[in-house]
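One letter stands for each residue in the lines below.
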Amino acid sequence: MIPYGRQIIDQADVDAVVEVLRSDFLTQGPAVPRFEAALREATGAAHALAVNSATSALHVACMALDLGPGDALWTVPNTFVASANCGLYCGASVDFVDIDPATYLMDADALEAKLATTAPPKVLVPVHFAGQTCDMERIGAVARAHGIRVIEDASHSIGASYRGAPVGDCRFSDAAVFSFHPVKIVTTAEGGAVTTQDEMLARRVDLHRSHGVTRDPALMQGESEGGWYYEQVALGYNYRMTEMQAALGASQMRRLGEFVDARHRIRARYDALLEGLPVVRPHQDPAGRSALHLYPVQVEDRARVFAHLREGGIGVNVHYIPVHLQPHYRAMGFARGNFPVAEAYYDRAISLPLHPGLTEAEQDRVVEVLREAVGG
Ligand SMILES: *Cc1c(COP(=O)(O)O)cnc(C)c1O
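Below or above, wherever it landed, is the structure these notes cover.

Cut-offs and rules
Residues numbered from 1 in each chain as written. Predicted model: local features only at pLDDT ≥ 70, side-chain atom pairs only at ≥ 80, totals over all residues. Heavy atoms only, no water. Helix = DSSP H or I, 4+ residues; strand = E, 2+ residues; numbered from the N terminus. Rg over C-alpha atoms; globule rule 2.2 N^0.38 Å. Buried < 20%, exposed > 50% of the residue type's maximum accessible area, 1.4 Å probe, protein only. Contact = heavy atoms within 4.5 Å. Areas by Shrake-Rupley, 256 points an atom, 1.4 Å probe, with all protein chains shown as cover. Salt bridge = Lys/Arg side-chain N within 4 Å of Asp/Glu carboxyl O. Near = heavy atom within 4 Å. Polar contact = N/O pair within 3.5 Å; in protein donor to acceptor, adjacent residues only side chain to side chain. 1 Å grid on protein atoms, 1.4 Å probe; cavity = no way out; pocket = protein on both sides within 12 Å on 5 of 7 lines; lining within 4 Å. Sits in = over half its atoms within 2 Å of the grid points. Points joined across faces, edges and corners; volume = space filled by probe spheres on them. Nonpolar A, V, L, I, M, F, W, Y, C, P; charged D, E, K, R; others polar.

### Describing the overall build of the chain
So, point 1. For the chain, the count of helices and strands is 13 helices and 14 strands.
So, point 2. Against the globule reference of 21 Å for 376 residues, the chain gives a C-alpha radius of gyration of 21 Å, in line with a compact fold.
So, point 3. The C-alpha extent of the chain, read off along each of the three principal axes, is 75 × 55 × 40 Å.
So, point 4. Relative to its 376 residues, the chain shows a buried fraction of 55%.
So, point 5. The long-range share in the chain, meaning contacts at least 24 apart out of those at least 6 apart in sequence, stands at 72%.
So, point 6. Here the chain displays about 15400 Å² of accessible surface, and carbon together with sulfur accounts for 52% of that area.

### Some points on the pattern of salt bridges
Side-chain pairing between opposite charges can occur once the charged atoms of the two side chains come close.
So, point 1. Taken as a whole and assessed by the stated rule, the structure comprises 22 salt bridges.
So, point 2. In this structure, the salt-bridge partner of Lys 122 is Asp 71, at a minimum N-O distance of 3.5 Å. Here Asp 71 lies in the loop between α3 (54–64) and β2 (72–75) and Lys 122 lies in the loop between α5 (108–117) and β4 (123–125), a separation of 51 residues in the sequence.
So, point 3. Taking relative accessible area as the criterion, Lys 122 reaches 27% and is therefore assigned partly exposed.

### Some points on the site of the ligand
So, point 1. Not every one of the 15 residues close to the ligand is listed here, only the nearest: Thr 55, Asp 153, His 156, Ser 179 and Lys 184.
So, point 2. Take Lys 184: an N or O atom from its side chain is 3.0 Å from an oxygen atom of the ligand.
So, point 3. Between the ligand and Tyr 320, the relevant distance is 3.1 Å, taken from an oxygen atom to a side-chain nitrogen or oxygen of the residue.
So, point 4. Computed on the free molecule, the ligand has an accessible area of 380 Å², of which 93% lies beneath the protein chains in the complex.
So, point 5. More than half of the atoms belonging to the ligand lie within 2 Å of the grid points that define the second largest pocket.
So, point 6. Secondary-structure elements contributing two or more residues to the shell around the ligand are α3 and α4 (82–89).

### Digging into the layout of surface pockets
So, point 1. Reported here for the largest pocket is a volume of approximately 530 Å³.
So, point 2. Residue lining of the largest pocket: 21 residues in total, with Gln 28, Asp 206, Arg 209, Ser 210 and Arg 240 positioned closest to the centre.
So, point 3. For the lining of the largest pocket, the secondary-structure elements that each account for two or more residues are α2 (31–43), β1 (47–51), α7 (199–208) and β10 (213–214).
So, point 4. A class-by-class count of the residues in the lining of the largest pocket yields ten nonpolar, four polar and seven charged.
So, point 5. Looking at the second largest pocket, its volume works out to about 360 Å³.
So, point 6. Looking at the second largest pocket, it is lined by 22 residues, and the ones nearest its centre are Phe 80, Ser 179, His 181, Lys 184 and Tyr 320.
So, point 7. Listed by contribution, the elements that provide at least two residues to the lining of the second largest pocket are α3 and α4.

Encoded structure:
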């Protein structure tokens, strides 16, 4: 099976992890700060905080923004469930803004229309689906005008840029979240990070990723009682990234540009090979450079085409089943028809294999089997 996504691990990555295993620290050592420095450099953010997954990153970012019962979080239906679940973890309610049919990203018009009739949420989570950046300039302005805090779900987007600067610099948001799952652009096996320009927010994320416990006298409520002293000043979690993961991540970050370039070469080749087939190719925003996590196409008769590709050894996938149609969300009252653009997109979507290790021969095979299924 040709996988839809796959990590690229070289000898330097292996050596970096082994070096940690032979060192004094398997957790809470120097590798996490090193990885965070690489993330700051890649994104231009003043602060980067590594955690054990993007799901945890979303949760701590929401906690750091004080999201809680009685508050609301809005995201898009066309995302992984984690973008919405972080609101529920905090006891907030979750609602959705439909996507734009051309970009598959949060529709800023739909956001404004919803805000005209509904109380604004405390937190908005636009998702940079497939590595394309949402219209952050406009979404950021709308959010600011309504007093909404913004967390960019940039899980697909490390290495992307938007209007001339890296995604993750939080020009138009409070924070951005990245994932380092093996199918994403760079990997730490499991892993995630929050970037922000806001020093107080960074401190709160740092606190909440490690039990809400601090050894920083500036954050303590009482006087230090001695060198052993720490205080728990909030209810945090253990969301820390290990040293092995961070060492792998720092090693991977050295090839971030190479990985994104390779994805663009494969994308350009798909664009050319699919020309003339009855397949809608994914939009590429001229105002930015995608990290190209995914190459989602739209086809008629998706179930049949999907089955044909899988039977032909092509590891296609579907991104995403709209979150509001998951049973857990249907139980809250959501139903088909609530977000028709995301639903119509889902009905026709297939993600073709896209990762830097995909060979031209494999790519030709993907297109050949797709052609058999769709005709043309
Ligand atoms: C992968 C992903 C996540 C969750 O990432 P993990 O690191 O696996 O927790 C969240 N949001 C989106 C859009 C994702 O693709």
